Amino acid sequence: MRIVKEDLTGCINRIATGAPAVRYWVLKEPINETGICREFKTEAEAQT
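### Brief notes about the overall build of the chain
- Scanning the chain for helices and strands turns up three helices and three strands.
- Taken from N to C terminus, the helices and strands of the chain fall in the order β-α-β-α-β-α.
- Looking at the 48 residues of the chain, the share that counts as buried comes to 17%.
- Surface summary for the chain: the accessible area is close to 3800 Å², and the carbon and sulfur share equals 52%.

Structure, rendered in structure tokens:
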């Protein structure tokens, strides 16, 4: 399992669309076999 931090601070229209500054993704590897990828708003949520 791997936690990936996606920094969205440089994205155009991020504030207008309500997107967070950072998103966290939990990937259960190998992703091509498990197909499991979930998004979380905080790193603490992703770790649980």
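Text resumes after the structure shown.
### Some remarks on the sheet that holds strand 2 (residues 22–27)
- In space, the three strands of this open sheet follow the order 1-2-3, with antiparallel pairing throughout. Every other strand in the sheet has two partners, leaving strand 1 (2–7) and strand 3 (37–40) as the edge strands with one partner each. If you compare each strand with its neighbour and ignore which way they point, the axes differ by 25 degrees on average.
- Summarising the sheet, strand 1 and strand 2 pair through six bridges and their orientation is antiparallel. Residue pairing for strand 2: K5 is matched across the bridge by Y24.

### Considering the pattern of salt bridges
- Taken as a whole and assessed by the stated rule, the structure comprises one salt bridge.
- A salt bridge links E6 to R23; the shortest N-O distance between them is 3.2 Å. In this pair, E6 sits in strand 1 while R23 sits in strand 2, placing the two residues 17 residues apart along the sequence.
- Looking at E6, the relative accessible area reads 28%, which means it is partly exposed.

### A look at the nonpolar core
- Grouped together as the largest cluster of nonpolar side chains are five residues: V22, Y24, V26, F40 and A46.
- Among the elements that line this core, the one with the most residues is strand 2, at three residues.

What counts and how
- Residues numbered from 1 in each chain as written.
- Predicted model: local features only at pLDDT ≥ 70, side-chain atom pairs only at ≥ 80, totals over all residues.
- Heavy atoms only, no water.
- Helix = DSSP H or I, 4+ residues; strand = E, 2+ residues; numbered from the N terminus.
- Buried < 20%, exposed > 50% of the residue type's maximum accessible area, 1.4 Å probe, protein only.
- Areas by Shrake-Rupley, 256 points an atom, 1.4 Å probe, with all protein chains shown as cover.
- Pairing = 2+ DSSP bridges.
- Axes fitted to C-alpha atoms, helices over the stretch in contact; angles between N-to-C directions.
- Salt bridge = Lys/Arg side-chain N within 4 Å of Asp/Glu carboxyl O.
- Core = buried A, V, L, I, M, F, W, Y, C linked by side-chain atoms within 4.5 Å.

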